[in-house]
Structures are given as structure tokens and as C-alpha cells.
Amino acid sequence: MQPLAIFASGAGSNTARIIEYFRHHPRIHVALIVCNKPDAGVLAIAAKEGIPALLIEKERFFRGDSYVEELQKKEIGFIVLAGFLWKIPEALVRAYPGKIVNIHPALLPKFGGKGMYGRFVHEAVIAAAEKETGITIHYVDEQYDHGRPIFQAKVIVETGDTPETLAKKVHLLEYEHFPRIIEEVADLQNHR
Ligand code: GRF
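Figured I'd write up the structure that's included with this text. Nothing here was measured: the structure is a model prediction, and the numbers come from that model. (Residues numbered from 1 in each chain as written. Predicted model: local features only at pLDDT ≥ 70, side-chain atom pairs only at ≥ 80, totals over all residues. Heavy atoms only, no water.)

What follows deals with the packing of helix α6 (residues 118-127) against helix α7 (residues 163-190). Between α6 and α7, the shortest axis-to-axis distance is 9 Å and the interhelical angle comes to 110 degrees. Of the possible angle classes, the one that applies to α6 and α7 is roughly perpendicular. With respect to the hand of their crossing, α6 and α7 are arranged in right-handed fashion. The residues of α7 that touch α6, namely those facing R119, H122, E123, V125 and I126, are P163, E164, L166, A167 and V170. Class assignment of the residues belonging to the contact of α6 with α7 gives a composition of six nonpolar, one polar and three charged. (Axes fitted to C-alpha atoms, helices over the stretch in contact; angles between N-to-C directions. Helix = DSSP H or I, 4+ residues; strand = E, 2+ residues; numbered from the N terminus. Parallel < 35°, antiparallel > 145°, perpendicular 65-115°, else oblique. Left-handed = near helix turned anticlockwise from the far one by under 90°. Contact = heavy atoms within 4.5 Å. Nonpolar A, V, L, I, M, F, W, Y, C, P; charged D, E, K, R; others polar.)

Okay, structure coming up:
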């Protein structure tokens, strides 16, 4: 069994789908939810599902040990970022080379980087009069939204779309593709 950790600090709707997808999976299981916000919706999901949660603090994450030992103690072999807004420190990237993936709600390299999250992304897409937007799933390196892309899916931006309607369309793409891509990448890592 490959224990996987999800780093998430938002509502956790992707996390809920990922948990569901791997519930009876023969090789991969969601072993830990890592979160930096004590009031995040994702913690309620972890509690309901009986999945251990680790609430992390900034100082230790960025200037301490980045919780690497804690993750290794729990035998976490793969990390999924699903709405986690902090940059991943070098120590963690080095401990998990090619084993951390993120989902971004736009077609990177456009509309990525610090401050480009949630509603801000969709507002920027509309302001730029983009004809399409979508999702990017990519490996994580030390820079925001920068690592090697793994998968993209697109959706049309229609006249009259608002940040809210775009967010809905993009979320649907995330639910459709993210769990399956996680499975593919985690399996690939297992066979190395
Ligand atoms: C998703 O849109 C994801 O692309 C982004 O953060 C959002 C998380 O939403 N990185 P949720 O917490 O999974 O509902």
C-alpha cells in the first residue's frame, strides 16, 4: 500500500473526491491530511472520514524541519496539493523528488504564481478576455506553479461567464481528472 498525504487548506471538495476515489483502492490510500488553517473545511472532512490530520505551523514549515520526519514516520510516499497555498520549502521538495503534485485552476504558465489562487485566477482570466481556461496538474518544485506539467484539460470561457461560473466549470474538471491522474503518477513512482 502506498500511503498518500493530501495538503489542503480550503473547503476540501477535491480532497473529498480523492478520498472517495481511493477508498477501496488496492495500492494507494489516503493516510494523512496536512493543513495550515485550524478552521478549514477540509479538517471536518478528515474527521468525518477518520483520516488523521496534521495541523502545521508556518515557522516550523519554512524555517524548521518542514515536517519531513513526521511524514516519513507515517511512511508517506506521495504528496498531493489540493488547495494548499503555501510555497513548498526546498527541504520538502528534496525529500520527495518527483513525488509531489499540485492542481492549479488555470492553464499554466498563464495565470500562475504568488497570489494567483481561487477567485483571483478566474477574475484575471476574464479580464484578459481569454477564450478558454482549465486546469493544470503539475509536479511541484521550489517555485509557485512552476514544476513540469503532467496534464491539462480545457473549458470554453463564454460571454457572460463570471468568476463564479468559471470556478464551477473548473472545479468540475478537477473532480473529473485529478484522482485518476494522481493514481497514474503514484503508480509510476511505485514502479521506479
Ligand atoms: C481548487 O480549485 C484547486 O485548483 C486550487 O484550490 C482549489 C481547492 O478547492 N489549487 P477545494 O478546497 O478542493 O474545494
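Let us keep going from here.
Its boundaries defined by the atoms lining it, the largest pocket holds a volume of some 930 Å³. In terms of lining, the largest pocket is formed by 43 residues, of which the most central are G83, F84, L85, Y117 and G118. Among the elements of the structure, α1 (13-21), β5 (100-104), α6 and α7 are those that each provide at least two residues to the lining of the largest pocket. Looking at the lining of the largest pocket element by element, the count peaks at four residues for α7. Class assignment for the residues of the lining of the largest pocket results in 17 nonpolar, 19 polar and seven charged. (1 Å grid on protein atoms, 1.4 Å probe; cavity = no way out; pocket = protein on both sides within 12 Å on 5 of 7 lines; lining within 4 Å. Points joined across faces, edges and corners; volume = space filled by probe spheres on them.)

Time to look at the nonpolar core. I6, I18, V30, V80 and F178 are the most contacted members of the largest nonpolar core, which totals 34 residues. Among the elements that make up this core, the one with the highest residue count is α7 (seven residues). Here V80 is in contact with L4, A5, I6, F7, I18, V101, F178 and I182, once residues within four sequence places are set aside. (Core = buried A, V, L, I, M, F, W, Y, C linked by side-chain atoms within 4.5 Å. Buried < 20%, exposed > 50% of the residue type's maximum accessible area, 1.4 Å probe, protein only.)

In total, this model carries eight aromatic pairs according to the counting rule given. Between F61 and F62, the ring centres sit 5.1 Å apart and the planes meet at 80 degrees, which makes this aromatic pair edge-to-face. Relative to W86, the ring of F61 lies with its centre 5.7 Å away and its plane at 35 degrees, an arrangement referred to as tilted. Taken together, the positions of F61 in helix α3 (residues 58-63) and W86 in the loop between β4 (78-81) and α5 (90-95) put the pair 25 residues apart, joining distant regions of the chain. Comparing F61 with W86 shows no difference in burial state: the two are buried. In this structure an aromatic cluster arises from ring pairing among F7, F61, F62, F84 and W86. Above the ring of Y175, the side-chain terminus of R17 is found at 3.7 Å from the ring centroid. Positioned above the aromatic ring of F151 is the side chain of R180, whose terminal nitrogen or guanidinium carbon lies 5.7 Å from the ring centre. (Phe/Tyr/Trp six-rings, centres within 6.5 Å; stacked < 30°, edge-to-face > 60°. Lys NZ or Arg CZ within 6 Å of the ring centre and 35° of its normal.)

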